[in-house]
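Structural overview
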Amino acid sequence: MSTSTSSALRHPIGVVSRRTGLKPDLIRAWERRYGAVAPGRTDTRRRFYSDADISRLLLLKRVVDTGRSISQVANLSNEELDSLVEPGKPAPAHAAGDPSGGPFGGPSGGDTAADLYLELCLSAARRLEVGELELHLQRASVALSRAILLDKLLVPLLRRVGELWQDGEMRPTHEHVASAVVRSFLGGMYHAYDIPATAPHLIATTPQRQRHELGALMVAAVAAGEGWRATYLGPDLPSEEIAAAATEKGAQAVALSLIYPPDDPGLADDLRRLRRLLSPSTVLLAGGRACSAYGAVLDEIGAIRVPDLPTLRRELDRLRG
């Protein structure tokens, strides 16, 4: 086959999936997250792959089937990948997205297992299969540690659903379904811990006009997992209500999730008012993708910025100490 023929972009992702045995969601993940292949795009944003792309995906699949992680091998040349293939070695049951290898029929192992559960969850969300999505999350909660479940599955899942929606590959319906299932799942996590009455208390919520609640609910789940008594108030609350709840609970910390909008002209005054109403001993934590847009006022009121969940865990541990 000539080089020009092998590099021609002529195969839609359905054909590539049939030829390689890889699910479309897994192919997209290998492309987006690891740069394994670089398909072309039509004017309508449909992916098209070359024969060379198919050959490389088949080679990557063979290497992954030996037990290696895609993150370890995606950037290797085809020659280097060839050298890693071990002929005759059977593939592990969880390789390449096969859901039969882990506890209760799910993949097993650290980040690789989280990646595979992510693709299973995305596939269910694309097909609006609510029960299937719920089942994958429940199985993941058994197979993965709490930190990996949150950091490597739930956070990437919500981010990927948002990206696919923005790219036109998912409809708002898909985003709403995925968010509703994750919201219910996080609520179950948050209430699942038996926390002693003597544990420090944290309030999690969003300020007025910040209506995206999943970040705050995730904070409550993390805090409960770290041994805090967490109270989730829901989204979009005035400063007076947040402060009243913190006073009633004797909260040591109030955590705010700032997602959207990033340019609310009234939020700075709301945050200043909240700081005045809270006890001086109550710590303010703030996170979310719009957090940097309000950095000046957050610094002014002495709020601690937490850019990710690992940082949140460290701050909660420090405050508890």
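Conventions used here
- Residues numbered from 1 in each chain as written.
- Predicted model: local features only at pLDDT ≥ 70, side-chain atom pairs only at ≥ 80, totals over all residues.
- Heavy atoms only, no water.
- Core = buried A, V, L, I, M, F, W, Y, C linked by side-chain atoms within 4.5 Å.
- Buried < 20%, exposed > 50% of the residue type's maximum accessible area, 1.4 Å probe, protein only.
- Contact = heavy atoms within 4.5 Å.
- Helix = DSSP H or I, 4+ residues; strand = E, 2+ residues; numbered from the N terminus.
- Right-handed = clockwise from strand over helix to strand, strands pointing away.
- Pairing = 2+ DSSP bridges.
- pLDDT = per-residue confidence, 0-100.

Counting residues in each nonpolar core, the largest one holds 51 residues, and the members touching the most others are Leu153, Leu154, Leu186, Leu202 and Leu285. If we skip the residues at most four places from it in the chain, Leu202 touches Val219, Ala223, Trp228, Arg229, Ala230, Thr231, Ala253, Ala255, Leu285 and Leu316. Counting residues in hydrophobic clusters, the runner-up holds 24 residues, among them Ile242, Leu256, Ala268 and Ile301.

On to the pairing of strand E7 (residues 283–287). By the criterion of burial, E7 is predominantly enclosed, with five of the five residues buried. Burial along E7 is two-sided: Val283, Leu285 and Gly287 facing one way and Leu284 and Ala286 facing the other are all buried. The parallel pair strand E6 (residues 253–257) and E7, bridged by helix H13 (residues 267–277), forms a crossover whose chirality is right-handed. In this sheet, strand E8 (residues 304–305) lies alongside E7 in parallel orientation, the contact comprising two bridges. Residue Leu285 lies in a different strand from E8, and its bridge partner there is Ile304. The parallel pair E7 and E8 is bridged by helix H14 (residues 295–300), and the resulting crossover is right-handed.

A few words now on the confidence of the model for the protein chain. When pLDDT is averaged along the protein chain, the result is 85; 89% of the residues meet or exceed 70. Within the model, pLDDT remains below 50 along residues 87–110, and this stretch shows 50 contacts once partners closer than five positions in the same chain are excluded.

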